[in-house]
Amino acid sequence: FHQDVEFRGRIEQHNEENPEGKILYQGYSSLGTQWHHFKGYDENPVMNHPILQSIAKGHGVSVPQVVIQWATRRGVMVLPASRSRLHQEANLN
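Procedures and definitions
Here, residues in each chain are numbered from 1, in the same order as that chain's written sequence. Where local features are concerned, this predicted model is filtered to residues with pLDDT of at least 70; where side-chain atom pairs are given and counted, the filter is 80 or more; whole-chain, interface and lining totals use all residues. Here the side-chain values reflect all heavy atoms present in the structure, with hydrogen atoms and water set aside. Think of it this way: a Phe, Tyr or Trp ring, Trp meaning its six-membered ring, pairs with another when their centres are within 6.5 Å, and the plane angle makes it stacked under 30 degrees, edge-to-face over 60, tilted otherwise. Helix and strand definitions here come from DSSP, where helices need a minimum of 4 consecutive H or I residues and strands a minimum of 2 consecutive E residues; each element is numbered from the N-terminal end. Accessible area is worked out with a 1.4 Å probe on protein chains only. A residue is then buried under 20% of its type maximum, exposed over 50%, and partly exposed in between. Both a distance and an angle decide whether a charge sits over a ring: NZ of Lys or CZ of Arg must be within 6 Å of the ring centre and within 35 degrees of the ring normal. Lines are fitted to the C-alpha atoms to define the axes, a helix being fitted only along its stretch in contact, and any angle between axes, read from their N-to-C directions, falls within 0 to 180 degrees. Orientation is classified from the angle alone, with under 35 degrees giving roughly parallel, over 145 giving roughly antiparallel, 65 to 115 giving roughly perpendicular, and any other angle giving oblique. Throughout, a residue-residue contact means that at least one pair of heavy atoms, one from each residue, lies within 4.5 Å. Polarity classes work like this: nonpolar for Ala, Val, Leu, Ile, Met, Phe, Trp, Tyr, Cys and Pro, charged for Asp, Glu, Lys and Arg, and polar for all others, with Gly in that last group. We define a salt bridge as a contact between a side-chain nitrogen of Lys or Arg and a carboxyl oxygen of Asp or Glu at a distance within 4 Å.

**Quick word on the packing of aromatic side chains**
Link 1 in the chain: Following the criterion strictly, the structure yields one aromatic pair and no others.
Link 2 in the chain: Taking the centre distance of 6.2 Å and the plane angle of 50 degrees together, the rings of Phe7 and Tyr25 count as tilted. Within this pair, whereas Phe7 is found in helix H1 (residues 5-17), its partner Tyr25 is found in strand S1 (residues 25-27), the two being separated by 18 residues in sequence.
Link 3 in the chain: Taking the relative accessible area as the measure of exposure, Phe7 reaches 36% and is therefore partly exposed.
Link 4 in the chain: The exposure class of Tyr25 is buried, given its relative accessible area of 15%.
Link 5 in the chain: Looking at Arg8, its charged tip hangs above the ring of Tyr25, at a distance of 4.7 Å from the centre.

The structure is reproduced here in structure tokens:
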């Protein structure tokens, strides 16, 4: 859920002024695993967020698909990682 709004604004300004040398904002751990594994949370606050779960259910998709779509539609490059072939394929949709 974290976004550095000031930094994103500077990237947007750079991209407007330099259309031939655009910078792509990249989201690391967009699916929230850092909160669970490295920050001591008992559960993943992204995957278990009730609003995201409701949106996913309403569209018949998974929470990761909602998050990936939300981010990419805002110009953020997302690098989801998964060992599961099923999850990898879902991340592409």
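There's more to say after this.
**Examining the packing of helix H3 (residues 50-59) against helix H4 (residues 63-72)**
Link 1 in the chain: Look at H3 against H4: their axes get within 8 Å of each other, and the N-to-C directions meet at 95 degrees. Here H3 is positioned roughly perpendicular relative to H4, judged by the angle of their axes. Packed against H3, whose contacting residues are Leu52, Gln53, Ile55 and Ala56, the element H4 presents Val63, Val66 and Val67 at the interface.
Link 2 in the chain: Across the contact of H3 with H4, the residue classes break down as six nonpolar, one polar and no charged.

**Quick look at the pattern of salt bridges**
Link 1 in the chain: Per the stated rule, a full pass over the model turns up two salt bridges.
Link 2 in the chain: Put simply, Glu6 and Arg10 hold a salt bridge, and the shortest N to O gap is 3.3 Å. Taken as a pair, Glu6 and Arg10 lie in helix H1 at a separation of four residues, close to a single helical turn.
Link 3 in the chain: The class of Arg10 is partly exposed, set by a relative accessible area of 46%.
Link 4 in the chain: The closest approach of N and O atoms between Glu89 and Arg85, which form a salt bridge, is 3.2 Å. Taken together, the residues Glu89 and Arg85, both in helix H5 (residues 85-91) and four residues apart, mark about one turn of the helix.
Link 5 in the chain: For Arg85, a relative accessible area of 62% translates into the label exposed.

Shape is all these values report; function is a separate question.
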